Protein chains: 2
Amino acid sequence: MPDKLLRMKRATPEGTIRPVVLGIAGDSAAGKTSLTRGIVEALGPDRSVSICVDDYHRYDRQERRGLPFTPLHPDCNYVDIMEQHLGLLATGQPILKPVYDHSTGCLTRPELVEPREYVIVEGLLPLMTKLSRASLDITVYLDPPEEVRTGWKIKRDVGERGYTREQVLAEMERREPESEAFIRPQRTHADLVVRFAPIAGRDDPPGTPLSAELLLRPTIEHPNLSSVIGEDVNRAVHLKLIRDNDGRPVDALHVHGYAAPEDSRLVEKTIWDELGGPEPVPSGLGRLAGGQHSDPLAITQLIILYHLLRLS
Amino acid sequence: MPDKLLRMKRATPEGTIRPVVLGIAGDSAAGKTSLTRGIVEALGPDRSVSICVDDYHRYDRQERRGLPFTPLHPDCNYVDIMEQHLGLLATGQPILKPVYDHSTGCLTRPELVEPREYVIVEGLLPLMTKLSRASLDITVYLDPPEEVRTGWKIKRDVGERGYTREQVLAEMERREPESEAFIRPQRTHADLVVRFAPIAGRDDPPGTPLSAELLLRPTIEHPNLSSVIGEDVNRAVHLKLIRDNDGRPVDALHVHGYAAPEDSRLVEKTIWDELGGPEPVPSGLGRLAGGQHSDPLAITQLIILYHLLRLS
């Protein structure tokens, strides 16, 4: 655990911890759980806690059968209670969080969540309202291309949730209008937009890890990456000033999936050392659901850790 | 619905309702549900909502088997979450309230509770902490003699919850140290202490309703009962200045179970008219679990309604 991780209490005068709160939004199977898992593991589960705001579903699976919307719709969620609970956690107070069981589709017994120094809030709609964003110190939107997300969703829902490929595709089609209306508009509210995708125009061999593009919006103070990303690592990552879809200027950090592992590891170690070393880079960073390793994911997690530690 | 009931919004500048919050504490089977039911019915379910804070149990029945305390113990309840939720309701905000199912002993799906103009909070421990009391505008403690409460508990738990008489008595004995430590100390924090009991020294025939003694503590401003309780009704009720157990001065309102029904009804009508009539006294006042009627209960409910309306 780096030194910085040991000096990161933001205690109020009364001794209540004011956590640093990270929000991660994205559509179903956009990679929220994988991103969150490595961050929590690196921070240490005693100093961090993650919640999934999809637990704030207003209706269970059975009830939704008679309703004209999918779980993506704000009317299908207790958005006001989600806002309230994020505000409570952000001010250092415990919550009794509802629990939605994905395996049965039932709403079950709620669970106590006590804030730790870092609170990670992931789910479909954490960036949707101004009030929910007010409780988040850093906001991330996961923005994979739809064909990548479709592949991930089929893999997970067929492999782990018992659906057929056709059911998954039909459900995605049914959800698309609500993805457009409620999920994707959250992208504009993110300090970091993360896109895992193959790089267009390259002819990489099968099995090459996806690259990552991180948009670092000027909405928060980003670390001076030039000190981290020197000439010696630019085969693995490079930073480029671009205009976002909407014309706003933004730094785009490209993390190359095709880079040699030793180049990527050097980037990871350089960022990690900046965070206060001297321990080795946590092995959980970059771990994918199936157990494989992705250096672009690890570097993304390190950049987010950089922000979390800066704020603590 | 009396006029006063139609002029009772305490709206904040933004339009949020600041409810009047009534807290009713008492041991198991002390009569909390019967008292609450008539009050909610008189206020109208569209203007009032009641919650039972025994839903804040931390452990279900199965888990409690391995634990060294009963549901009366603060450690067996999410007291901090109860305090938080009372504060939210008192400031006009909704809560997602946990639900404990008494029939199965399980904690189940939570439910949304939105504040109305009147919020009634009843249960084992609503007056326990300073923070919970801070959210209550009026506090009531139900204080029947133990032999009366034992009779009520046997009747309910054998009749409705499937226990034997011996099981109920054994459970009461097991709970007694925690009743003493946590339930009965709440009596001192109540603005009104209500004791349903037979009157000592009288030889009333069987079936005579229990009388009620209401201690009206000088902790809140009580209505000027002399305008309500004149000479013409003193066969049914009378007011007496006494010292409480602890020596503090207190008004004791005695409501006689042996009074002629017409005398009791006159008291009820007099209080009700003071509240802004002209409708008849709500028929739900004084209704007991088995469907019988108790004039002392009705008069107790009317005194509490008097307070609620004064504050609204």
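Residues numbered from 1 in each chain as written. Chains lettered and ligands numbered in written order. Predicted model: local features only at pLDDT ≥ 70, side-chain atom pairs only at ≥ 80, totals over all residues.

Caption draft 1: Looking closely at the overall build of chain A. Helix and strand counts for chain A stand at nine helices and 10 strands. For chain A, whose C-alpha radius of gyration is 19 Å, the value lies close to the compact-globule estimate of 20 Å for 312 residues. Each of the three principal axes of chain A carries a C-alpha extent, and together these read 60 × 55 × 40 Å. Here chain A holds 312 residues, and 40% of them are scored as buried. Of the contacts formed within chain A by residues at least 6 apart in sequence, a portion of 72% connects residues at least 24 apart. (Helix = DSSP H or I, 4+ residues; strand = E, 2+ residues; numbered from the N terminus. Rg over C-alpha atoms; globule rule 2.2 N^0.38 Å. Buried ≥ 20, exposed ≤ 12 C-beta atoms within 10 Å, placed from the backbone. Contact = placed C-beta atoms within 7 Å.)

Caption draft 2: Representation of the confidence of the model for chain A within the structure. Residue and element names in this part refer to chain A. Confidence in the prediction of chain A, expressed as mean pLDDT, is 90, and 91% of residues score 70 or more. This stretch, residues 1–13, has a pLDDT under 50; its non-local contacts, to residues over four places away or in other chains, come to 25 contacts. The complex prediction reports pTM at 0.90, with the ipTM value standing at 0.86. (pLDDT = per-residue confidence, 0-100.)

Caption draft 3: Local environment of helix α6 (residues 146–160) of chain B. Residues and elements named next belong to chain B. Compared with the 21 Å implied by 1.5 Å per residue over 15 residues, the 20 Å span of α6 between its first and last C-alpha is a close match. Taken together, the buried positions of α6 are Arg-149, Lys-153 and Asp-157. Buried residues of α6, viewed axially, fall in a sector of 45°; they line one side. Structural note: α6 exposes Glu-147 and Gly-159 on the side pointing more than 90 degrees away from its buried face. Looking one or two residues past α6, Gly-162 carries a phi angle of roughly 75°, positive in sign. (Expected span 1.5 Å × (residues − 1). Arc of directions from axis to C-beta.)

Caption draft 4: Spatial organisation of the packing of helix α8 (residues 261–274) of chain A against helix α9 (residues 295–311) of chain A. Residue and element names in this part refer to chain A. Where α8 contacts α9, the two axes come as close as 10 Å, and the packing angle between them is 10°. Considering the angle they form, α8 stands roughly parallel to α9. Residues Pro-261, Ser-264, Val-267, Glu-268, Ile-271 and Trp-272 of α8 touch α9, and the partners they reach there are Asp-295, Ala-298, Ile-299, Leu-302 and Tyr-306. Grouping the constituent residues of the contact of α8 with α9 by class yields eight nonpolar, one polar and two charged. (Axes fitted to C-alpha atoms, helices over the stretch in contact; angles between N-to-C directions. Parallel < 35°, antiparallel > 145°, perpendicular 65-115°, else oblique. Nonpolar A, V, L, I, M, F, W, Y, C, P; charged D, E, K, R; others polar.)

Caption draft 5: Quick peek at the relation of the copies chain A and chain B. Once chain A has been moved 0.0 Å along the axis and rotated by 180°, it coincides with chain B to within an RMSD of 0.0 Å. Here the symmetry operator amounts to a two-fold rotation axis. A share of 100% of interface residues in chain A that are also interface residues in chain B marks the association as one of identical surfaces. (Least-squares fit on C-alpha atoms with pLDDT ≥ 70 in both.)

Caption draft 6: Examining the sheet that holds strand β2 (residues 48–52) of chain A more closely. Residues and elements named next belong to chain A. Taken together, eight strands build an open sheet; the order of strands is β2-β5-β1-β6-β7-β8-β10-β9 and the sheet is mixed. Looking at strand neighbours, the two that pair on one side only are β2 and β9 (237–243), the edges of this open sheet. The mean angle between the axes of side-by-side strands here comes to 20°, regardless of whether they run parallel or antiparallel. Both β9 and strand β10 (residues 249–255) contribute to a ladder of seven bridges, which runs antiparallel. (Pairing = 2+ DSSP bridges.)

Caption draft 7: Broad picture of the environment of Gly-286 of chain A. Residue and element names in this part refer to chain A. If you trace the backbone, Gly-286 turns up in the loop between α8 and α9. A tally of 24 C-beta atoms within 10 Å means that Gly-286 is categorised as buried. Taking C-alpha positions, Gly-286 is 7.5 Å from Ile-299, a pair spaced 13 residues apart along the chain. Residues within four places of Gly-286 in sequence aside, it is in contact with Gly-38, His-293, Ser-294, Asp-295, Leu-297 and Ala-298.

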